[in-house]
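# Architecture and fold: a report
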Amino acid sequence: MASPFSRRLLGRRNKATQVERVRERRHEGFLRYAGFRWAKISGGLCLLIIVSYALVDVRPRHNGGSWYGYTLGTIGALLILWLTALGYRKRKMTSDHWSLKAWTSAHVYLGLGLIVVGTWHTGFQLGWNVHTLAWALMMLVILSGLYGVIVYATLPQALSNNREQMTQMQMLEAIRAFDRQLHSAAQPLTPEDTAPVLAALDEDPFAGGIAARLSGRYPNCATSSALRALTLSRSSDAGAREKVVGLLKQKEAALARLRQHLRIRGLLEIWLYVHVPLTFALIAALSAHIISVFFYW
Amino acid sequence: MSFILRRISTTKTGKQIIRDAALPGDTITLGRDGNNGIHVADLAVNPHHATIGSADGRVVRVAAQEGLGFELNGRTETLADIDSAAGGELRFGGHRLTIAREDDKIILLVERIDELSQSSKDVDEARAFSLQGVMLGKRMGAWLFAAVMLLAFLVGPIWAWYSYRQVNERPDGYHADSAWLSGPLSSAHASLKNDCQSCHVEPFVAVTDKACVNCHTGEHRAMSMAHANAPTAMLLAARHPPGVGEKILAGFAKTFNKPQGRCVDCHTEHEGAGPMAATPQKFCADCHEGMQGRLKAAGHPTMLADAADFGTGHPEFRPLVRAAPGAKLARAAPGKAMVDYNGLKFPHDLHLQATGGVARMAASFRGRYDFGKKLECENCHRVEADGVRVKPVEMERDCAMCHSLAFETVGGVTRTLRHGEPDQVVADLTAYYRSTPPSRPLQLGGMQRRRPGAYAEGQVYNIYFNEVAVRPSRAQDAVRAVFSKGGACYDCHTIFAPQAGRGWRVAAVEQTPRYLQKGWFDHDAHRETACADCHTAAPASKVSSDLLVPGLRQCRDCHVGEGGARLVKVDTATDSPCAMCHEYHSDGGKPWLPPRQRRKNTAAITNKPLAASYGVSMITGTGGRGLYEVTWRTPALQAARRGG
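Treat the numbers as computed from the prediction; the structure is a model and nothing was measured.

What follows deals with the overall build of chain A. Per the secondary structure count, chain A includes eleven helices and zero strands. Starting at the N terminus and walking to the C terminus, you meet the elements of chain A as α-α-α-α-α-α-α-α-α-α-α. Here the C-alpha radius of gyration of chain A, 28 Å, is well above what a compact globule of 297 residues would show, namely 19 Å. Principal-axis analysis of the C-alpha atoms places the extent of chain A at approximately 85 × 65 × 30 Å. In chain A, which comprises 297 residues, the proportion classed as buried is 35%. Pairs at least 24 apart in sequence give 81% of the contacts found in chain A among residues at least 6 apart.

Dropping the structure here:
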């Protein structure tokens, strides 16, 4: 028989699960999790720091070396380590009510709060040194994260609109189908005309560097140039050529959809390529910052 | 001779089906066109790409027809002879043609080996559709960036420290530990910018005083005497109870081995270029605010009054005075009327009156001395060469313009009593009577008897007619007259009558050169303020024992606390930290101030219009004469100095 204590605990757990279910049903995201609980906590912390900074009389002036600076620095460093731990936490499945969503919500809002903790820790004394480097890296990480939050909130809609119920493999399959049709349709063409078609077939739909991915501009697109070449060409049989031109147009449209898809996905992902490596650069610079302070104590 | 065209197709289950078809003729054409013997549906292959033939049934000759060649063993050829027994592989576009020999028959095997198009190739969906293919991996980037940071900003600086740790001065150039510089050094230490090790001698050891006194060998070597002589327990007890912040700081200091009480606690560095900031008031007030009570409670009772802020909490000044005639110099007791006996009789009010005898006399000397319509403070009080303090008054220089000691003129030469030598005065007068009887009465009186304007320095005034009653007829009478009430000496000095074995004596005059021993007052810094603005009691002072040193109240007319705290209304406030007047290291010296704080625009501090404070110059018209400019006048009474 369960003791009253465990029953109460069970009840609380049940209630927590129930609350969680309601949240799931409402599609409550990590931003508005628990009625902006972490936004409030983080905002309160920032307010506390800004007000106490103005009220606390630190001599000769505010900087990282005053007691106030030490306090903020310690809070900031621990916060950075905890924020980094999200990468570990998200790989762990738990059934606890410290859900990943709660953790992400805290990560976002406390991370934004770190702007105040870190900047006020400096006492606004910035220079060309490792201390300011650590601060700058921290700001870059936070700003890239802020960008991430913004694109996560806005871009999925665009991604979905672009897909039009297709999966990304279906998009690729469409291009493959047009390629096959192009191949056979181009058989009667003269070698002069087949060369651009061949180039179009040879084009890797995933080619292009990071700039092309993010801008969605492919100025040297072989399909487009094949289309241009064949529209102007007079060498092959007109009927066969027209068929190929039609197929090229369709392939171009399919390619454009895929590329738009890649672009939005790129925009959704690019911040992580800044956020994650710079986080580790930050932790290294932070270590150098802390060790340097004690080394030249 | 026959060619066999072999085609291999693969079923869904992976089973290969081989179909052979004999090709008629000795020469077979290969191309994209349907009429060819071997039809290759490949856009990379020309309509009539090549011919394949064999003259002897063994060696196969492949010849390209329409410009485009084929690949044989990786090289592009247009003509090739291949021994069918040895076999060979040729590439036409995306297809492979394998030549082999089986039972006198030449087998031609044609297969598509390339994908139809790039997009047809298999892709790893997760990789291809994400940025993984085009960006440096996140993990890789993380390792790379972190390694660069650690190398450049941790290993590099430590290496720089390690390689110069025993060096006094590093060579010019970049040193990696300059990346650790938390802020520019003050201008005094700017040259040490590259030499971190000159102060940060040992790693993980807080900067020691030893590093400071290696260069600062002078007065900064020690704490102030007052603090250095105090027992440590007393110094510790003097400190105010730490607040939350200080507890945190102390916790950090204790945890990370940062001892307190070092030079750098007050003289903070890396606070920005320019002169090092003056030590803030807080470092003094931390102990001196409410210290008396704390020390008393700790069993170290002290006379020292509490001081927290000049504007609001500062004890009244205790100047060095003689509380009674002939008494020893001692600091005035707090809360009592300030008196200072210097041995002189001098009524300031009489001398500073705008009307009356003194003013008339001064006016009569205009042009001869730097007098105006009346006497001004600086007519008698002269400042030292450095402008900081006022010189002691000297009779010959500062009084004798009016207070002549001449008693006779002989052939145009004035004879004067010796000042400061009573025995000589007695001897001169005795000699005078011994030689010739006075042709006319001697002038031996003090200042009361003079007629304003009639006396200039060294003149003898003939007062025959009303002097008969007091005219000394004998030497003893003359000596008695000069030392008694109404006599020249008595008017200014305290006289002791002759006693057994001693003649007439004059009480010693001792003027205190510096009244405020614990604080520093610079007259030069206040040169644009009129004397009477601070020495407010002077114009009304009747006796010389009135102490005319200004009190706290006068200072607070302009000076407020470091943070601007004040008790009274101040029009133009001067923020005054402790270090403005008090020097920590050398008790008697001038406090150190950063250059930019040294010279204030004192005209702005003075409340009154500038002209009013120059009353003298308005009268005399010599505007260029500064109040405290040190000018040496022609010594008065040259004759007297030569011996009369």
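Once that is clear, we can look at the pairing of strand 10 (residues 88–92) of chain B. Residues and elements named next belong to chain B. Bridging between strand 7 (residues 70–72) and strand 10 involves two bridges; their strand directions are antiparallel. Of the residues in strand 10, the one forming a bridge with L72 is L90. Taken together, the five bridges between strand 10 and strand 11 (residues 95–102) define a ladder with antiparallel strand orientation. Looking at the pairing, E89 lines up with T98 of strand 11. The hairpin formed by strand 10 and strand 11 contains two residues between the paired strands, and G93 there has a positive phi angle of roughly 60°.

Interface size is commonly expressed as the accessible surface area that is lost when the partners come together. Counting residues at the interface gives 60 residues for chain A and 53 residues for chain B. Secondary-structure elements contributing two or more residues to the side of chain A that touches chain B are helix 3 (67–84), helix 6 (130–163), helix 7 (168–185), helix 8 (191–202), helix 9 (210–215) and helix 11 (238–295) of chain A. For the side of chain A that touches chain B, the residue count by class is 36 nonpolar, 13 polar and eleven charged.

Let us look at the packing of helix 2 (residues 37–55) of chain A against helix 5 (residues 100–122) of chain A. Residue and element names in this part refer to chain A. Where helix 2 contacts helix 5, the two axes come as close as 8 Å, and the packing angle between them is 10°. On the basis of the axis angle, helix 2 is roughly parallel to helix 5. Facing W38, A39, S42, L45, C46, I49, I50 and Y53 of helix 2, the residues of helix 5 in contact are S105, A106, Y109, L110, L112, G113, V116, V117 and W120. Among the residues forming the contact of helix 2 with helix 5, the class breakdown is 14 nonpolar, three polar and no charged.

The next thing to look at is the sheet that holds strand 9 (residues 79–83) of chain B. Residue and element names in this part refer to chain B. The strand order 4-3-5-6-9 describes an open sheet built from five strands, whose pairing is mixed. With one partner strand each, in any of the chains shown, strand 4 (38–39) and strand 9 form the two edges of the open sheet. Pairing of strand 5 (residues 50–54) with strand 6 (residues 59–64) involves five bridges; the strand directions are antiparallel. Within the sheet, the bridge partner assigned to T51 lies in strand 6 and is A63.

Nonpolar side chains in soluble globular proteins generally cluster together in the buried interior. If you look at the biggest cluster of nonpolar residues, it comprises 46 residues, and the most contacted ones within it are L182, V197, V244 and L248 of chain A together with V62 of chain B. Here this core takes seven residues from helix 11 of chain A, the largest share from any one element. Sequence-distant contacts of V197 of chain A, that is, excluding residues within four places in its chain, are made with L182, A186, L189, A226 and V244 of chain A together with L43 of chain B.

This part covers the environment of G290 of chain B. Tracing the sequence through the fold places G290 of chain B in the loop between helix 8 (282–288) and helix 9 (291–297). With 18 residues separating them in the primary sequence, G290 of chain B and A308 of chain B have C-alpha atoms 7.8 Å apart.

Now for the packing of helix 3 of chain A against helix 5 of chain A. Residue and element names in this part refer to chain A. Helix 5 packs onto helix 3 with a crossing angle of 150° between their chain directions and a minimal axis gap of 9 Å. In terms of axis orientation, helix 3 runs roughly antiparallel to helix 5. Remark: the crossing between helix 3 and helix 5 carries left-handed chirality. In this structure, helix 3 contributes G69, L72, G73, I75, G76, L79, I80 and L83 to the contact, and helix 5 contributes H107, L110, G111, L114, V117, G118, W120 and H121. Looking at side-chain class alone, the contact of helix 3 with helix 5 contains nine nonpolar, seven polar and no charged residues.

Residue and element names in this part refer to chain B. Sheet architecture is open: seven strands sit in the order 2-1-12-11-10-7-8, paired in mixed fashion. The strands lining the two open edges of the sheet, one partner per strand, are strand 2 (16–23) and strand 8 (75–77). When the angles between neighbouring strand axes are averaged without regard to direction, this sheet yields 30°. The pairing of strand 1 (residues 3–10) with strand 12 (residues 105–112) spans four bridges and is parallel. Bridging across to strand 12, F3 finds its partner in I106.

On to the confidence of the model for chain B, then. Residue and element names in this part refer to chain B. A residue-level look at chain B finds 84% of positions with pLDDT of 70 or above and a mean pLDDT of 78. No element of chain B has a lower mean pLDDT than helix 20 (residues 615–620), which averages 34, and none a higher one than helix 2 (residues 138–163), which averages 94. For residues 447–471, every residue scores under 50 in pLDDT, and the model assigns this stretch 41 contacts once sequence neighbours within four places are set aside. Across residues 599–644 the pLDDT falls below 50, and counting only partners more than four positions away or on other chains, this stretch makes 65 contacts in the model. Confidence metrics for the complex model read pTM 0.71 and ipTM 0.86.

Considering every residue of chain A, the mean pLDDT works out to 88; 93% of them sit at 70 or more. Per-element mean pLDDT across chain A ranges from 65 in helix 1 (residues 4–25) of chain A up to 94 in helix 6 of chain A.

Residue and element names in this part refer to chain B. Alignment of strand 1 against strand 2, held across eight bridges, turns out to be antiparallel. In the sheet register, I4 faces strand 2, and the bridge partner there is A22. The antiparallel hairpin formed by strand 1 and strand 2 contains five residues in its connecting segment, where G14 sits at a positive phi of about 95°.

Definitions and cut-offs
Residues numbered from 1 in each chain as written. Chains lettered and ligands numbered in written order. Predicted model: local features only at pLDDT ≥ 70, side-chain atom pairs only at ≥ 80, totals over all residues. Helix = DSSP H or I, 4+ residues; strand = E, 2+ residues; numbered from the N terminus. Rg over C-alpha atoms; globule rule 2.2 N^0.38 Å. Buried ≥ 20, exposed ≤ 12 C-beta atoms within 10 Å, placed from the backbone. Contact = placed C-beta atoms within 7 Å. Pairing = 2+ DSSP bridges. Nonpolar A, V, L, I, M, F, W, Y, C, P; charged D, E, K, R; others polar. Axes fitted to C-alpha atoms, helices over the stretch in contact; angles between N-to-C directions. Parallel < 35°, antiparallel > 145°, perpendicular 65-115°, else oblique. Core = buried A, V, L, I, M, F, W, Y, C linked by C-beta atoms within 7 Å. Left-handed = near helix turned anticlockwise from the far one by under 90°. pLDDT = per-residue confidence, 0-100.

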